[in-house]
Amino acid sequence: MASAKPKKKNPRLASGRKRARQDVKLNAANTSLRSKYRTAVKNVEKAVAAGDKTKAAELFGKMQAVVDTVADKGIFHKNKAARDKSRLSAKVKALATAAA
């Protein structure tokens, strides 16, 4: 028994119809940014797990820019972004000191 989502009603007012159109675009943009954030974090974690300190450091720099951008836009909370950066920074630093 598959329960389908109930179909949303069309708004009556022009402003409501416009809002619905805008929401579709905003949702697509936010989904894309959320995916970009998670991919950037995942790439750094993979480099750290592989033990490649130069690649991890390079990807960490790129990841910081993506994380800051997404946090500024409010897609993820700024504290979550700071927490992720802090944890990954510690992992990259530990990798650098362990290999040295």
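Residues numbered from 1 in each chain as written. Predicted model: local features only at pLDDT ≥ 70, side-chain atom pairs only at ≥ 80, totals over all residues. Heavy atoms only, no water.

Under the annotation held in an unreviewed UniProt entry, the chain carries the name Small ribosomal subunit protein bS20 and is attributed to Variovorax terrae. If you open the UniProt record of the chain and go to Sequence similarities (unreviewed entry), you find "Belongs to the bacterial ribosomal protein bS20 family." Entered under Function (unreviewed entry) in the UniProt record, the comment concerning the chain runs "Binds directly to 16S ribosomal RNA." (UniProt positions renumbered as here; feature names shortened; annotations may be inferred.)

Caption draft 1: Region of the structure containing the layout of surface pockets. Roughly 180 Å³ of volume is contained in the largest pocket. The wall of the largest pocket is formed by Lys8, Lys9, Asn10, Pro11, Arg17, Ala20 and Asp23. Looking at the lining of the largest pocket residue by residue, the classes come out as two nonpolar, one polar and four charged. (1 Å grid on protein atoms, 1.4 Å probe; cavity = no way out; pocket = protein on both sides within 12 Å on 5 of 7 lines; lining within 4 Å. Points joined across faces, edges and corners; volume = space filled by probe spheres on them. Nonpolar A, V, L, I, M, F, W, Y, C, P; charged D, E, K, R; others polar.)

Caption draft 2: Inspection of the packing of aromatic side chains at higher detail. Under the defined criterion, the tally for this structure stands at one aromatic pair. Ring plane angle 45 degrees and centroid distance 4.5 Å describe the contact between Tyr37 and Phe76, whose orientation is recorded as tilted. Highlighted residues: Tyr37 in helix α1 (residues 14-50) and Phe76 in the loop between α2 (53-73) and α3 (78-99), separated in sequence by 39 residues. On the basis of relative accessibility, which here comes to 2%, the residue Tyr37 falls in the buried class. The exposure class of Phe76 is buried, given its relative accessible area of 12%. The positively charged end of Lys80 is found above the aromatic ring belonging to Phe76, 5.2 Å away from the centroid. (Phe/Tyr/Trp six-rings, centres within 6.5 Å; stacked < 30°, edge-to-face > 60°. Helix = DSSP H or I, 4+ residues; strand = E, 2+ residues; numbered from the N terminus. Buried < 20%, exposed > 50% of the residue type's maximum accessible area, 1.4 Å probe, protein only. Lys NZ or Arg CZ within 6 Å of the ring centre and 35° of its normal.)

Caption draft 3: A look at α1. Over its 37 residues, α1 runs 54 Å from end to end, which matches the ideal 54 Å to within 8%, given 1.5 Å per residue. Along α1, the residues that are buried comprise Leu33, Tyr37, Ala40, Val41, Val44, Ala47 and Val48. Gly51 sits one or two positions beyond α1 and adopts a positive phi of about 85 degrees. (Expected span 1.5 Å × (residues − 1).)

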